[in-house]
Structures are given as C-alpha cells and as structure tokens.
Number of protein chains: 2
Amino acid sequence: MIKATSANTVRERLEAVRYASRALAITTGAERVAALEAIAVALERDSGAILSANEKDLATGRENGLAEGLLDRLTLTADRIVELSAAVREIAALVDPLGQVVRGSTLANGVRIEQVRVPFGVVGAIYEARPNVTVDIAALALRSGNAVVLRGGSAALASNTQLAATLRGAIESTGLPADCIQTIDDFGREGATELMRSRGLVDVLIPRGSARLIETVVADSTVPVIETGAGIVHVYVDADADTSMAVSVVLNAKTHRPSVCNAAETVLIHRDAVSRVLTALLDALRQAGVSVRGDAEAQGLSADVEPAAVDEWATEHLNLTLGLHIVGTLDEAIDHIAEYSTHHTESIVTNNVRNAEIFLARVDSAVVMVNASTRFTDGGVFGFGAEVGISTQKLHARGPMGVTELTSTKWLVRGDGQVRD
Amino acid sequence: MIKATSANTVRERLEAVRYASRALAITTGAERVAALEAIAVALERDSGAILSANEKDLATGRENGLAEGLLDRLTLTADRIVELSAAVREIAALVDPLGQVVRGSTLANGVRIEQVRVPFGVVGAIYEARPNVTVDIAALALRSGNAVVLRGGSAALASNTQLAATLRGAIESTGLPADCIQTIDDFGREGATELMRSRGLVDVLIPRGSARLIETVVADSTVPVIETGAGIVHVYVDADADTSMAVSVVLNAKTHRPSVCNAAETVLIHRDAVSRVLTALLDALRQAGVSVRGDAEAQGLSADVEPAAVDEWATEHLNLTLGLHIVGTLDEAIDHIAEYSTHHTESIVTNNVRNAEIFLARVDSAVVMVNASTRFTDGGVFGFGAEVGISTQKLHARGPMGVTELTSTKWLVRGDGQVRD
C-alpha cells in the first residue's frame with residue numbers, strides 16, 4: 001500500500017486515499033465501529049497535544065488580527081474535545097447505512113434485482129477554520145464506509161495537522177489503512193484547486209462555509225458538489241395564527257442562535273393578524289435585543305420598526321436584525337419566499353389546516369414547517385447524530401446530511417444464466 | 001403567465017419554464033396522467049407533420065454526409081411514432097413517485113418529521129440527434145412533475161421543433177402551461193452554453209450522448225450534472241463457471257446489440273477455466289462474427305485470437321470486437337475491472353457462491369451481476385417504463401434512471417408551537 005508519507009504531490013496523496021477506500025468499502029460495520037471507538041479514545045488521550053497545536057493557531061490568528069467570531073470558532077477547549085469525542089461515539093452507535101436494501105424485485109425471467117446502499121468511496125470536504133468540522137466529517141465518513149480528504153482553513157493548520165495525526169493513528173491501530181483519513185492542508189491553495197479537479201479520484205465534494213467559498217467550489221469543481229448553502233429563512237404568521245405561538249416561534253427562530261443558517265431573517269405577517277400579533281411580537285423582540293426593519297406599511301404601524309435596507313429581503317444577517325414584511329394573502333407570502341428564500345427552511349404559524357397544507361406543498365425549500373421553530377433544521381435534532389452540513393440544493397441530498405446522505409447505491413443482479421431475447 | 005412566444009432570449013425562455021414548473025409541481029397525479037394521455041394521442045395525430053419534418057432533417061443530413069449510424073438514429077417512421085406513443089402511455093401508467101414518504105419519525109418533543117418525494121422543478125437535457133429522446137425525456141419529466149428544457153442535436157432541429165410543438169400543444173389542451181416543455185434548439189451553441197450556466201433556474205442537467213459531449217457538460221456546467229457515461233463492460237468467467245452458461249452469457253452480452261453501452265467489451269477468463277471454456281467460447285464468437293483480441297497468453301492458446309491493441313482494455317468498441325484477458329485469480333479480475341471499468345455493468349459467471357458474493361461486494365459499478373447478461377442493465381428491463389439514461393456516477397442516481405431518479409425530497413415538519421431549548 002502507498003503510504004501517505006511517500007506522497008510528494010496532491011495527486012499521489014489522493015491516489016493513496018482512493019486505494020485505501022477500496023479496503024474500507026468492504027469492512028464490516030463492527031470494524032468501522034471499532035475504528036470510531038479508537039478515535040474517541042485517541043482524541044481524549046491526545047487532548048494536550050491538540051490544545052497546544054490549537055493555541056499556536058490562536059496566537060497566529062491574534063497576530064494576524066483575525067475577527068473575534070472567527071477566533072471563537074477556531075478555539076478548542078478540553079471540554080470541547082470531550083464533546084467531540086462524545087459525538088464520535090454517537091455516530092458509532094448509529095444504524096449502519098451500508099447494505100440496506102432500498103428497492104428490489106424479481107423480473108419475469110427470474111432474475112433478481114436489488115438496490116443496496118454502498119459508500120461513495122472518497123468524500124472531499126473544503127471548509128473554513130473550524131477544527132471540530134475535521135472530526136465530525138471524518139467520523140460521519142468513516143461510519144458510512146468512505147475515505148475522506150479534508151481541506152480545512154489555513155488559520156487552523158496546526159490544529160488540523162494534529163487532529164489528522166490523532167485520527168489516522170487511531171484507525172491504523174485497529175487494522176484499517178491510515179489513508180482512510182487524509183488532509184491536504186499542507187499543499188495550500190494548490191491543494192484545494194487540485195482537489196476540485198480530481199474527478200474520478202474523489203466521488204463527491206462538500207464545501208462548507210461562507211457563500212463565497214461555496215460559489216468558488218461550485219464554479220471550479222469538476223467533482224460533483226453538494227452545496228450547503230446560506231439560510232435566508234422565513235417565518236410567516238398567517239391570518240389566524242395563535243398569538244402566543246406566533247410570538248414564541250418567531251422569537252426562538254430569530255434569537256435562539258442568531259449566527260447560524262437556520263435562524264430566521266424575515267418575518268412575514270398577514271395584514272389581518274397585525275392588530276392581534278404585532279404589538280406583542282415587537283415587545284418580545286425588543287426585550288430580546290432584536291432590531292426590526294420593515295416595509296413602509298410596517299414602519300407606519302410602530303415606532304419600533306426601522307426602515308428596511310434596500311436589499312433587506314435578500315440579506316442573511318446572522319445577527320439580531322430581523323426584516324418585517326406585511327402581506328395581504330397567503331399567496332403573497334409564498335411568492336415573497338419564492339423570490340428571496342435560499343430554500344433552506346421556512347415555517348408557517350397558523351391554525352388553519354388548509355393554509356398549512358398549501359404552505360407545505362407550495363414552498364420549495366429543504367425543510368418546510370408548520371407551527372415549529374426553524375431552529376429544528378439540524379442533523380442532531382433530526383436524529384442523525386451529527387451533520388456534514390445542510391444541503392440547500394436538490395440533487396442527492398436535501399436538508400441536514402447524515403450518514404445516509406454520504407452513501408450511494410448499486411444494483412446487485414442475480415441470475416441463473418439468463419440472457420436477453 | 002409569460003408566454004414562450006414572447007421570450008427573445010434564452011434567459012427569458014428559461015425563466016418562463018421555471019415559472020411553469022411552479023404550477024406543474026402542485027398538480028395531482030391525475031392531471032399529469034391526463035397530459036401524458038393527450039401527448040400520446042397528439043403524437044399519433046401529428047404523425048404526418050412529424051415525419052415530414054424528420055424527412056427534412058434526413059435530407060440535410062445526407063447532404064452534409066452524416067454517417068449511416070447517425071442517420072439511422074435520426075430516422076423516425078410511422079411505426080417508431082406508434083412505439084413512442086406507447087412508451088408515453090407506459091410512463092403514464094407508472095406509480096406516481098410524488099408524495100411518496102421516504103422516511104419519517106416523531107421527535108421526543110412531539111414534532112413530526114417526514115421526508116417526501118418532490119419534483120426537482122426544472123430538468124435540463126442536452127443530447128444528440130435522436131428525436132425519440134425528446135419524447136422519452138419529456139414524458140418522464142412530466143410524470144415526475146418536472147418542467148423540462150430540451151437541447152437536442154442540431155441535425156434533428158426540424159424534427160425536434162415539430163415534436164416540441166406537438167407536446168406543448170397537447171399539455172396546454174389539458175390546462176397545464178405549455179412552458180412545462182421547452183426547447184432551446186433555435187438558439188444554437190449559445191443556448192447550450194447558457195443552459196449550462198443557468199444555476200438557480202435549472203435544477204439538474206443530464207447530458208446524454210458521446211463521451212465528448214458529456215465531458216464538455218461536466219467541465220462547463222455550473223448546474224448540477226448527472227453523468228450518463230460510456231460502458232467498458234466486463235464479463236468474468238470464473239474457475240468453476242458452467243461452460244454452456246459462460247458461452248451464452250458472453251455471447252449475449254457481446255452480440256445482442258453491440259452498439260449500446262451495456263454490451264460487453266472485455267471478457268476475463270480464469271486460467272483454470274481456459275481448457276474447458278475457451279474453445280467453445282471462441283467457436284460461438286467466431287460464428288457470431290466477433291473478432292477477439294487478446295493478451296499474449298490468449299494469443300498463444302488459439303489462432304482465433306488476434307493481438308490486443310495498445311489501449312485495448314480502455315476501449316469502448318461498440319462493435320463486434322471483444323478483448324480477451326486471462327487472469328490467475330478472482331482478485332486479478334477484480335483489479336483489472338477496477339483499473340479499466342467505466343463503472344457501468346460487470347458480470348461474473350460462476351458456480352462458486354463465495355466468489356459470487358466477493359465479486360458483488362468488491363466490484364464498484366452501477367450494476368454488478370452474477371450469472372446474467374450485462375444487457376439487462378436497462379430502465380425498461382428494470383421496470384421503469386423507459387429511462388432518462390444510465391448514470392455511471394454515484395451522486396443522486398446510479399444505474400438506469402427512471403421517474404424516481406427525477407425527483408428530489410423535502411422535509412415536512414409539523415409541530416404545535418414547539419421551539420428549541
């Protein structure tokens with residue numbers, strides 16, 4: 001077997017991962033669980049080395065004037081490492097997706113056909129300076145029988161180098177090839193470019209991060225890409241919404257964790273609900289520190305509403321700013337969503353069953369909700385253990401991506417010498 | 001609604017299709033079946049006009065010296081139109097894929113989540129001068145609730161223009177927007193380029209045709225692509241294969257229809273089966289007009305075996321030429337396939353159950369067979385009514401693509417005011 005240590009080029013390293021993927025694809029579930037257990041143990045054992053590598057990245061980041069939010073996402077602590085280790089054990093405990101029979105039948109001539117889940121082979125991930133993503137994606141890939149090539153942000157180079165060494169050592173200790181997990185961080189930009197051009201060696205590429213990062217990968221990659229996109233998420237308060245439910249759903253969707261993609265950015269309120277809902281809603285939002293920016297009609301209704309920005313409805317704020325738009329009909333709400341949504345998550349608050357079903361049927365987003373907070377769009381909440389990302393495209397995976405979304409299928413055909421007439 | 005007749009640019013036409021797709025996505029199955037029935041009737045009614053348009057294309061093709069094989073694929077006849085009409089009725093009779101529940105559960109907090117099948121929205125297809133593909137893809141798209149943008153080969157321009165008019169008139173007569181089916185053939189190359197760049201307007205693009213066409217689309221498209229690739233298809237005759245079964249499977253796989261992607265290109269024979277199988281196999285192949293080209297060992301075994309070309313194992317002949325390679329072990333056969341296969345279809349002929357299962361598990365192709373002809377890899381044979389193409393990639397669809405493969409999913413979430421803690 002080609003050892004990574006002998007890989008002098010990105011191409012050689014990708015070939016080594018491809019080679020390792022063939023061994024990984026035919027492991028039993030028990031072998032993959034054992035490797036994940038070894039990883040969970042190794043993360044805790046190497047905690048000191050991981051934290052000191054991380055401290056090095058943080059020092060460099062501070063020197064380079066990295067923004068506070070980015071430093072926060074880059075930071076590992078002893079507690080966070082224990083949480084990462086726990087997540088790996090959760091992923092190990094999931095039902096094995098491999099070998100599941102999706103469909104099957106016996107043809108008229110007696111030939112049996114069966115569509116079964118198999119790993120992709122090699123999964124590539126390009127992401128920003130969040131070292132926890134290194135562990136999450138590697139663990140989900142391993143659970144689903146995939147080798148993985150990781151390209152993390154350069155600001156996390158020392159952390160990711162140490163994490164990769166820990167992960168690779170752990171899986172090798174269980175008899176699986178270390179090259180099931182590889183990083184190409186040390187090849188800089190050239191590495192990312194070559195990864196995007198490695199069709200045939202890498203089966204799927206998942207970019208996770210800013211809109212700009214994702215756009216670059218979509219434009220430049222010849223490897224099939226699963227887009228995990230931004231969230232311009234809407235909550236629509238229907239004419240006969242329950243007042244307190246409307247307030248609590250909007251408040252939770254906006255304020256529970258404003259910086260993430262499933263947080264609400266725009267609330268749409270039916271004109272007939274305004275007199276009943278608006279005051280209570282604006283009070284609650286003000287108390288939570290939310291600044292509300294509305295259309296002309298909304299501004300006229302309350303001094304709490306500031307003017308909407310020119311590009312208000314197309315902005316993912318990711319902070320405590322919320323757009324407010326008054327609509328006259330359910331159709332108008334659905335049309336606004338069709339125009340501005342990034343097709344991530346939208347929720348209607350209503351007591352009208354017919355309007356609920358129309359909203360569910362006609363809104364074209366990965367997750368469409370009735371009377372629930374948009375914050376529920378999450379792999380952990382959905383029972384996937386963790387998530388690779390939330391797909392906002394329609395090909396292959398849509399919504400939170402867990403181990404099932406990291407599988408492909410193949411058709412197994414069993415005959416007794418049949419030929420085609 | 002925007003009418004196609006007012007669309008002066010490719011962009012405007014794609015926007016009109018996108019708009020129509022929203023109406024189509026919420027039709028009932030009965031409405032889509034009615035539209036397909038109307039298409040089947042209209043194809044037969046307009047048979048004369050379709051044939052005379054086709055005659056015009058054929059005359060131009062002959063003038064331009066189009067190859068005989070291409071002229072054959074371009075040709076429509078009254079019988080072929082009746083067959084097309086019958087295929088549309090078969091597709092109408094399929095179980096509706098839309099609304100099928102793929103997974104679902106109730107979370108601990110009482111929120112119900114459900115993953116259901118929905119249409120992509122707008123499907124794009126780029127293909128060569130085969131007017132039957134226009135009807136097949138339009139019908140499969142309509143059955144699965146998708147609007148479709150068709151870009152056929154320029155040599156079929158008159159035929160496709162007439163077919164599109166027939167199809168559009170038929171669906172409009174049932175109350176659905178004509179723009180559910182559109183062609184952009186009249187925009188020439190510029191149209192194809194803009195289609196490949198229309199991410200956001202078109203949800204998935206399916207190239208169907210030569211390796212060169214597919215490579216171009218993969219390289220240039222920002223719209224997600226499903227690759228329908230070439231077939232370097234292998235049959236492996238194992239050490240204890242049944243002799244007559246080996247002969248009949250190889251013969252059928254190679255000669256039943258040599259010009260298509262599921263025809264065999266290389267036969268691998270285990271050294272221990274040579275004395276038993278080779279003479280009978282070469283006799284049968286010779287009688288069927290097959291020219292066999294083998295490695296040095298195979299050449300030494302029979303005067304019937306000509307020398308293999310330098311790139312023999314990497315060549316998709318699509319004619320009555322067959323490569324022959326002798327292997328010493330099952331592993332050697334699997335390694336050869338891993339190196340040269342296009343991951344379409346491979347078959348093992350064996351009476352050894354262990355070897356059969358190893359082959360099924362380790363060969364990484366869309367369809368892997370035991371004791372069956374590779375010619376069975378086909379949407380019609382698999383019970384899909386027809387096929388959009390045969391996917392040789394792993395993302396979203398793998399193997400023959402029918403209506404299910406033209407769907408995405410969305411998550412429907414129903415709560416009672418739940419918010420996230």
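Residues numbered from 1 in each chain as written. Chains lettered and ligands numbered in written order. Predicted model: local features only at pLDDT ≥ 70, side-chain atom pairs only at ≥ 80, totals over all residues. Heavy atoms only, no water.

- Per an unreviewed UniProt entry, chain A goes by Gamma-glutamyl phosphate reductase and derives from Paramicrobacterium chengjingii.
- UniProt annotates chain A under Function (unreviewed entry) with the comment "Catalyzes the NADPH-dependent reduction of L-glutamate 5-phosphate into L-glutamate 5-semialdehyde and phosphate. The product spontaneously undergoes cyclization to form 1-pyrroline-5-carboxylate."
- For the record of chain A, the UniProt heading Catalytic activity (unreviewed entry) holds the text "L-glutamate 5-semialdehyde + phosphate + NADP(+) = L-glutamyl 5-phosphate + NADPH + H(+)". (UniProt positions renumbered as here; feature names shortened; annotations may be inferred.)

### Thoughts on the sheet that holds strand β7 (residues 233-237) of chain A
(1) Moving on: The ten strands lie next to each other as β10(A)-β9(A)-β11(A)-β8(A)-β7(A)-β12(A)-β13(A)-β16(B)-β2(B)-β1(B), forming an open sheet whose pairing is mixed. The two strands at the open ends of the sheet, each matched to only one other strand, are β10 (305-307) of chain A together with β1 (101-106) of chain B. If you compare each strand with its neighbour and ignore which way they point, the axes differ by 25° on average.
(2) Moving on: Its contacts with the sheet place helix α11 (residues 271-287) of chain A against β7, β8 (264-270), β9 (291-294), β10 and β11 (321-327) of chain A, and it is angled at close to 145° to β8(A). (Pairing = 2+ DSSP bridges. Helix = DSSP H or I, 4+ residues; strand = E, 2+ residues; numbered from the N terminus. Axes fitted to C-alpha atoms, helices over the stretch in contact; angles between N-to-C directions. Contact = heavy atoms within 4.5 Å.)

### Things to note about the side chain of Asp46(B)
Residues and elements named next belong to chain B.
(1) Moving on: With respect to the helices and strands, the residue aspartate 46 is situated in the loop between α2 (29-45) and α3 (47-63).
(2) Moving on: Taking the relative accessible area as the measure of exposure, aspartate 46 reaches 16% and is therefore buried.
(3) Moving on: Within polar-contact distance, the side chain of aspartate 46 engages the side chain of threonine 166 at 2.8 Å.
(4) Moving on: In this structure aspartate 46 touches Gln162 and Thr166, once residues within four positions along its chain are discounted. (Buried < 20%, exposed > 50% of the residue type's maximum accessible area, 1.4 Å probe, protein only. Polar contact = N/O pair within 3.5 Å; in protein donor to acceptor, adjacent residues only side chain to side chain.)

### Section: the interface of chain B and chain A
In many analyses, interface size is given as the accessible surface area lost on bringing the parts together.
(1) Moving on: Listed as interface residues are 73 residues of chain B and, on the opposing side, 73 residues of chain A.
(2) Moving on: Contact between chain B and chain A buries roughly 5800 Å² in total, counting both sides, with carbon and sulfur atoms accounting for 53%.
(3) Moving on: Three residues, Leu395(B), Trp411(B) and Arg420(B), lead the burial of chain B against chain A; their summed loss comes to 14% of the area buried on that side.
(4) Moving on: Where the side of chain B that touches chain A is concerned, the elements lending two or more residues are α1 (10-25), β2 (112-119), α10 (243-255), α13 (330-340), α14 (353-362), β13 (367-372), β15 (399-401) and β16 (407-418) of chain B.
(5) Moving on: Looking at which element gives the most residues to the side of chain B that touches chain A, the answer is β16(B), with eleven residues.
(6) Moving on: Its residues assigned to classes, the side of chain B that touches chain A shows 34 nonpolar, 19 polar and 20 charged.
(7) Moving on: Note that strand β16 (residues 407-418) of chain A and β13(B) share five bridges and pair parallel. Residue pairing in the sheet places Gln418(A) in a bridge with Ala372(B) of β13(B). (Buried area = accessible area lost by both parts, 1.4 Å probe. Nonpolar A, V, L, I, M, F, W, Y, C, P; charged D, E, K, R; others polar.)

### Some thoughts on the relation of the copies chain B and chain A
(1) Moving on: Taken as rigid bodies, chain B and chain A are interconverted by a rotation of 180° and an axial shift of 0.0 Å, the fit giving an RMSD of 0.0 Å. As the rotation angle and translation indicate, the two copies are arranged about a two-fold axis. Considering only C-alpha atoms, the residue of chain B closest to the rotation axis is His396(B), which sits at 1.9 Å. (Least-squares fit on C-alpha atoms with pLDDT ≥ 70 in both.)

### Quick notes on the pairing of strand β11 (residues 321-327) of chain B
Residues and elements named next belong to chain B.
(1) Moving on: In terms of burial, β11 is a largely internal element, seven of the seven residues being buried.
(2) Moving on: Judged by which residues are buried, β11 turns out to be covered on both faces: Thr321, Gly323, His325 and Val327 on one side and Leu322, Leu324 and Ile326 on the other are all buried.
(3) Moving on: Here strand β8 (residues 264-270) pairs with β11 via five bridges, running parallel. Within the sheet, the bridge partner assigned to histidine 270 lies in β11 and is valine 327.

### A closer look at the nonpolar core
A general tendency of soluble globular proteins is for nonpolar side chains to be buried together.
(1) Moving on: Ranked by internal contacts, the top residues of the largest apolar core, which has 136 residues, are Ile39(A), Leu43(A), Ile39(B) and Leu43(B).
(2) Moving on: With sequence-adjacent residues up to four places away left out, Ile39(B) is seen in contact with Val88(B), Leu142(B), Leu167(B), Ala170(B), Ile171(B) and Ile181(B). (Core = buried A, V, L, I, M, F, W, Y, C linked by side-chain atoms within 4.5 Å.)

### Things to note about the pairing of β2(B)
Residue and element names in this part refer to chain B.
(1) Moving on: In the sheet, β1 pairs with β2 via five bridges, with the strands oriented antiparallel. Looking at β2, one finds that serine 105 is bridged to isoleucine 113.
(2) Moving on: Taking the residues that link successive antiparallel strands as the turn, the β1-β2 hairpin has five residues, and the phi of glycine 110 there is positive, at about 95°.

### Regarding the environment of Ala372(A)
(1) Moving on: Note on placement: Ala372(A) falls in strand β13 (residues 367-372).
(2) Moving on: Residues Ala372(A) and Ser248(A) lie 124 residues apart in sequence; the distance between their C-alpha atoms is 9.4 Å.
(3) Moving on: Discounting residues that sit within four places of it in the chain, Ala372(A) has contacts with Val249(A), Ser347(A), Val413(B), Gly415(B) and Gln418(B).

### What to know about the domain arrangement of chain A
(1) Moving on: Partitioning chain A into structural domains gives domain 1 (4-228 + 398-414) and domain 2 (233-376).
(2) Moving on: Taking only C-alpha atoms into account, the centre of domain 1 of chain A sits 36 Å from that of domain 2 of chain A. (Domains from an automatic or database assignment.)

### Focus: the sheet that holds strand β3 (residues 122-127) of chain B
All names here are of chain B.
(1) Moving on: Taken in spatial order, the four strands line up as β5-β4-β3-β6 in an open sheet, and their pairing is parallel. Of all the strands in the sheet, the pair left with one neighbour each is β5 (181-183) and β6 (204-208). Direction aside, the axes of adjacent strands within the sheet are offset by 20° on average.
(2) Moving on: Sheet topology places strand β4 (residues 147-151) next to β5; three bridges connect them, and they run parallel. Counted as the bridge partner of valine 148 is isoleucine 181 from β5.
(3) Moving on: Each of β3, β4 and β5 is contacted by α1, which is oriented at about 150° to β4, the strand it contacts most.
(4) Moving on: Relative to β6, helix α9 (residues 211-220) is tilted by about 160°, and along the sheet it contacts β3 and β6.

### Concerning the pattern of salt bridges
(1) Moving on: In the structure shown here, the tally under the stated rule is 52 salt bridges over all chains.
(2) Moving on: The salt bridge involving Arg286(A) is made with Asp304(A); its shortest N-O contact spans 2.7 Å. Remark: Asp304(A) occurs in the loop between α12 (296-301) and β10 and Arg286(A) occurs in helix α11; sequence separation between them is 18 residues.
(3) Moving on: Classification of Arg286(A) by relative accessible area gives partly exposed; the value is 44%.
(4) Moving on: Note that Arg89(B) is salt-bridged to Glu37(B), the shortest N-O span being 3.5 Å. With Arg89(B) in helix α5 (residues 78-92) and Glu37(B) in helix α2, this residue pair connects regions lying 52 residues apart in the sequence.
(5) Moving on: Looking at Arg89(B), the relative accessible area reads 31%, which means it is partly exposed.
(6) Moving on: Linked through salt bridges whose partners overlap, the residues forming this network are Arg18(A), Asp203(A), Asp364(B), Lys394(B) and Arg398(B). (Salt bridge = Lys/Arg side-chain N within 4 Å of Asp/Glu carboxyl O.)

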